[in-house]
Amino acid sequence: MKALKPYYPVFKFVGIFAMLYILFSIGYYFFISMEWGQQLYPDPITAQVSYQTQELLRLMGYEAQTLNSPELPSVMMFINEVKVYRVIEGCNAVSLMILFTSFVVAFARGWKKTLSFLIIGIVFIYIVNLIRLVVLGIVYYDYSDYAEFSHEIIFPGVIYGAVVLLWIFWIRNVKPEEVE
């Protein structure tokens, strides 16, 4: 047992991280399993992300439109009446936010800084994801030869890279705080 004592912080981090990730994921599973109706289809977060993507594309001069998919729990994105992609639950970045939150809380030293960083980090992830969806729409519409590479390689690297950079910033700047 004495040989394991130096590794206690690592075991504690992994245990807290795993517990939080599982709990948040189960909660999210129940959230997306609810019946949300046609207005918030397939769920309120995916519906909002789809709508905001559509509006940002319109601001950029594209004739974008979203339409709920009757056969799949998704929102179809159209540009100039051409279907460019489907926005599914996995496109809303909530699973990534759960991963981010679990890591940050498991590595927390005090609640004030942790809560502030979580809010900033989640908003940052949300914005990066919106930008990702907008640029993907443009790539699918204007540069379809690069669509698959962009969707499978470039943009996962961008969004996961953003989270890793947030984690690195958190680890390097977290300091033990006095009891808050």
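Scroll up to find the structure.
In this text, all values refer to a predicted model and were calculated from it rather than measured experimentally.

The rules behind these values
- Residues numbered from 1 in each chain as written.
- Predicted model: local features only at pLDDT ≥ 70, side-chain atom pairs only at ≥ 80, totals over all residues.
- Heavy atoms only, no water.
- Phe/Tyr/Trp six-rings, centres within 6.5 Å; stacked < 30°, edge-to-face > 60°.
- Helix = DSSP H or I, 4+ residues; strand = E, 2+ residues; numbered from the N terminus.
- Salt bridge = Lys/Arg side-chain N within 4 Å of Asp/Glu carboxyl O.
- Buried < 20%, exposed > 50% of the residue type's maximum accessible area, 1.4 Å probe, protein only.
- Pairing = 2+ DSSP bridges.
- Axes fitted to C-alpha atoms, helices over the stretch in contact; angles between N-to-C directions.
- Contact = heavy atoms within 4.5 Å.
- Parallel < 35°, antiparallel > 145°, perpendicular 65-115°, else oblique.
- Left-handed = near helix turned anticlockwise from the far one by under 90°.
- Nonpolar A, V, L, I, M, F, W, Y, C, P; charged D, E, K, R; others polar.
- Expected span 1.5 Å × (residues − 1).
- Arc of directions from axis to C-beta.
- Polar contact = N/O pair within 3.5 Å; in protein donor to acceptor, adjacent residues only side chain to side chain.
- Patch = residues over 30% accessible without salt bridge, like charges linked within 9 Å, V, L, I, M, F, W, Y side chains within 5 Å.
- Areas by Shrake-Rupley, 256 points an atom, 1.4 Å probe, with all protein chains shown as cover.

As for the packing of aromatic side chains
This structure, assessed with the given rule, holds 13 aromatic pairs. Judged by centre distance (5.9 Å) and plane angle (20°), the rings of Phe 117 and Phe 169 are stacked. On the criterion of sequence distance, the pair formed by Phe 117 in helix H4 (residues 111-142) and Phe 169 in helix H5 (residues 147-173) is long-range, its members being 52 residues apart. Taken together through their ring pairs, the aromatic side chains of Phe 13, Phe 17, Tyr 21, Phe 103, Phe 107 and Trp 167 make up a single cluster.

Details of the pattern of salt bridges
According to the stated counting rule, one finds one salt bridge in the structure shown. Of the charged contacts in the structure, one is a salt bridge between Arg 58 and Glu 55, with a shortest N-O distance of 3.3 Å. Remark: Glu 55 and Arg 58 occur in helix H2 (residues 44-59); sequence separation between them is three residues, near one turn of the helix. Exposure remark for Glu 55: the relative accessible area of 27% places this residue in the partly exposed category.

Details of the sheet that holds strand E1 (residues 64-68)
Read from one edge of the open sheet, three strands run E1-E2-E3, paired in antiparallel fashion. Among the strands making up the open sheet, the edge pair consists of E1 and strand E3 (82-88). Across the sheet, the mean angle from the axis of one strand to that of its neighbour is 25°, orientation sign disregarded. As paired elements, strand E2 (residues 74-79) and E3 share six bridges and run antiparallel to each other. By the bridge assignment for E3, Met 77 is matched with Tyr 85. In this fold H2 packs onto E1, E2 and E3, with an angle of close to 160° to the strand it touches most, E1.

Thoughts on the environment of Ala 93
Take Ala 93: it is sitting in the loop between E3 and helix H3 (94-106). Each residue touching Ala 93, except ones within four places of it in the same chain, is listed here: Ile 125, Asn 129 and Ile 159.

So, the packing of H3 against H4
In contact at an axis separation of 10 Å, H3 and H4 are set at 160° when each is read in the N-to-C sense. With respect to H4, the element H3 is oriented roughly antiparallel. In the packing of H3 onto H4, the handedness of the crossing is right-handed. Only Trp 111, Thr 114, Phe 117, Leu 118, Gly 121, Ile 122, Ile 125 and Tyr 126 of H4 make contact with H3, whose side of the interface consists of Leu 96, Met 97, Phe 100, Thr 101, Val 104 and Val 105. When grouped by side-chain class, the residues that make up the contact of H3 with H4 number 11 nonpolar, three polar and no charged.

A few points about H2
A rise of 1.5 Å per residue sets the reference length of H2, with its 16 residues, at 22 Å; its end C-alpha atoms lie 22 Å apart and thus fit the reference within 8%. The complete set of buried residues in H2 reads Thr 46, Ala 47, Val 49, Ser 50, Thr 53, Gln 54 and Leu 57. The buried residues of H2 occupy an angular sector of 165° when projected down its axis, which confines them to one face. Here the buried face of H2 lies against E1, E2, E3 and H4. Its side-chain oxygen placed 3.0 Å from the backbone nitrogen of Ile 45, Asp 43 serves as the N-cap of H2.

Points about a nonpolar patch on the surface
Residues Leu 115, Ile 119, Val 123, Ile 127, Ile 131 and Val 135 make up a contiguous nonpolar surface patch of roughly 510 Å² in combined accessible area. Looking at the secondary structure, you find Ile 119 in helix H4.

What about unusual backbone geometry?
Unusually for a residue other than glycine, Asn 80 sits at a positive phi of about 50°. Tracing the chain through its elements places Asn 80 in the loop between E2 and E3. Judged by relative accessible area, Asn 80 falls into the partly exposed class, the value being 37%. Positive phi outside glycine occurs at Ala 93, with the angle close to 70°. The class for Ala 93 is buried, based on a relative accessible area of 5%.

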